[in-house]
Amino acid sequence: MASEAQFHVLAVDDSLVDRKLIEKLLKTSSFQVTAVDSGSKALEFLGLQEEEQRNQNPPSVSPNHLPQEMEVNLIITDYSMPGMTGYDLLRKIKESSSLKDIPVVIMSSENIPSRINRCLEEGAEDFFLKPVQLSDVSKLRPHLLRRKADGEEEEKPRRNIRKRKKIEESLTQLLMKDLNNFISIEDIFGELNYEFCHKRWKFGS
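Reading the values: rules and limits
- Residues numbered from 1 in each chain as written.
- Predicted model: local features only at pLDDT ≥ 70, side-chain atom pairs only at ≥ 80, totals over all residues.
- Heavy atoms only, no water.
- Core = buried A, V, L, I, M, F, W, Y, C linked by side-chain atoms within 4.5 Å.
- Buried < 20%, exposed > 50% of the residue type's maximum accessible area, 1.4 Å probe, protein only.
- Helix = DSSP H or I, 4+ residues; strand = E, 2+ residues; numbered from the N terminus.
- Contact = heavy atoms within 4.5 Å.
- Arc of directions from axis to C-beta.
- Salt bridge = Lys/Arg side-chain N within 4 Å of Asp/Glu carboxyl O.
- pLDDT = per-residue confidence, 0-100.
- Pairing = 2+ DSSP bridges.
- Right-handed = clockwise from strand over helix to strand, strands pointing away.
- Axes fitted to C-alpha atoms, helices over the stretch in contact; angles between N-to-C directions.
- Expected span 1.5 Å × (residues − 1).
- Parallel < 35°, antiparallel > 145°, perpendicular 65-115°, else oblique.
- Left-handed = near helix turned anticlockwise from the far one by under 90°.

Engineer: In this structure, what is going on with the nonpolar core? I would like to understand it.
Structural biologist: The nonpolar side chains of soluble globular proteins are, as a tendency, buried together. Formed by 24 residues in total, the largest nonpolar core has its most connected members in Leu 10, Val 12, Ile 75, Ile 106 and Cys 119. Listed by contribution, the elements that provide at least two residues to this core are β1 (8-12), α2 (39-46), α4 (86-95), β4 (104-108) and α5 (113-122). Leave out the neighbours within four places in its chain, and Leu 10 touches Thr 34, Val 36, Ala 42, Phe 45, Leu 46, Val 72, Leu 74, Ile 75 and Ile 76.

Structure, rendered in structure tokens:
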């Protein structure tokens, strides 16, 4: 998992001005940022885009933001976008078995309670009203730290299993070593006993 200063956020907004603003706010808060201008490009970056669609629409993110083996720790997306809305993107992410645990935050310039509730019920961690402020961005870190803690809790049983297996392997090696030493001692005593009996028979006869 990424360290606190290296959390990677995928920002999605079709507005260049809003996209640049959220990117600047995130970088000011020490986040690593990838910014794209549509939900389809976000899915492409995340590896969820269908192969056929990917071939028809080559990635148009900047050279520094090409899809790669890079963990995304949080997604922040605008709600109202042409084609795929932020809500549609949220649903696709939550339907993905590999990405459903990534926190998603929705942004919108419209304060519509039914829209906010809809997104929160679908699994969004938070809902920010535009223009997004630095104080809003500061609310992202608890979501990231909570996910990191949850991940570490899930990893504990696996760590315990690996630790137990390592202990069992060490004990097995020790037992095998003791068994080999025991067999060697038995061989030595067997040879000594043979020599003793042989000499006794020789001198006795």
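Engineer: Would you take a moment to explain α4 for this structure?
Structural biologist: One turn of an α-helix holds 3.6 residues; hence residues three or four places apart share an orientation. Taken together, the buried positions of α4 are Gly 86, Tyr 87, Leu 89, Leu 90 and Ile 93. Buried positions in α4, seen along its axis, are confined to an arc of 160° and lie on one side of it. On its buried side, α4 packs onto β1, α2, β3 (74-78), β4 and α5.

Engineer: How should I be thinking about the pattern of salt bridges in this particular structure?
Structural biologist: Pairs may arise between side chains of opposite charge once their charged atoms sit close together. Summed over all chains, the structure comprises 9 salt bridges. A salt bridge links Glu 95 to Arg 91, with the nearest nitrogen and oxygen atoms 3.8 Å apart. You can see Glu 95 and its partner Arg 91 sitting in helix α4, 4 residues apart, about one turn around the helix. Taking the relative accessible area as the measure of exposure, Glu 95 reaches 57% and is therefore exposed.

Engineer: Help me understand the confidence of the model for the protein chain in this model?
Structural biologist: Regions with low pLDDT carry predicted coordinates that are not meant to be interpreted in detail. Put simply, the protein chain has an average pLDDT of 80, and 61% of its residues get 70 or more. The low-confidence segment residues 62-68, where pLDDT is below 50, has 10 contacts with residues more than four positions distant or belonging to other chains.

Engineer: Where do I start with the pairing of β4 in this structure?
Structural biologist: Each regular strand shows side chains that alternate between the opposite faces of the sheet. With 5 of 5 residues buried, β4 is to be regarded as a mostly interior element. Of the pairings in the sheet, the one linking β3 to β4 comprises 4 bridges and is parallel in character. Looking at the pairing, Ile 75 lines up with Val 104 of β4. After leaving β4, the chain enters α5 and then returns to the sheet as strand β5 (residues 126-129), a path that is right-handed.

Engineer: Any chance you could explain the sheet that holds β4 here in plain terms?
Structural biologist: Whether parallel or antiparallel, the strands of a sheet pair through hydrogen bonds between backbone atoms. As summarised here, the arrangement of the 5 strands in space is β2-β1-β3-β4-β5, forming an open sheet in which the pairing is parallel. Because the sheet does not close on itself, it has two edges, and the strands there are β2 (32-36) and β5. Across the sheet, the mean angle separating the axes of adjacent strands is 20° when strand polarity is ignored. As judged from the 4 bridges shared by β4 and β5, these two strands associate in the parallel manner. The residue bridging Ile 106 from the neighbouring strand is Phe 127, located in β5. Seen against the sheet, helix α1 (residues 16-28) touches β1, β2, β3 and β4 and runs at an angle of roughly 170° to β2. Packed onto the sheet, α2 meets β1, β2 and β3 and runs at close to 155° relative to β1.

Engineer: Help me understand α1 in this model?
Structural biologist: Compared with the 18 Å implied by 1.5 Å per residue over 13 residues, the 18 Å span of α1 between its first and last C-alpha is a close match. Directly beyond the C-terminal end of α1, a positive phi value near 70° is found at Ser 30.

Engineer: Would you mind showing me how to read the packing of α2 against α4 here?
Structural biologist: Working note: a packed helix pair is described by the angle between its axes plus the distance between those axes. Relative orientation of the contacting elements α2 and α4 amounts to 20°, with a least axis distance of 9 Å. Accordingly, the angle class assigned to the pair α2 and α4 is roughly parallel. Judged by the sense of rotation from one axis to the other, the crossing of α2 with α4 is right-handed. Of α4, the residues touching α2 (which contributes Gly 39, Ala 42, Leu 43 and Leu 46) are Leu 89, Lys 92 and Ile 93.

Engineer: What exactly am I supposed to notice about the environment of Val 137 here?
Structural biologist: Here Val 137 lies in helix α6 (residues 134-137). Expressed as a C-alpha distance, the spacing of Val 137 and Leu 26, which sit 111 residues apart in the sequence, is 6.7 Å. Those residues in contact with Val 137 that sit more than four places away from it in its chain are Ile 22, Leu 25, Leu 26, Ser 29, Phe 31 and Val 132.

Engineer: What's the story with unusual backbone geometry in this structure? I'm lost.
Structural biologist: Most of the time, phi is negative for any residue but glycine, and the peptide bond is trans. Cis geometry is found at the peptide bond from Lys 130 to Pro 131, where omega equals -5°. Inspection of the secondary structure assignment puts Pro 131 in the loop between β5 and α6. Positive phi, close to 70°, is recorded for Ser 30, a residue that is not glycine.

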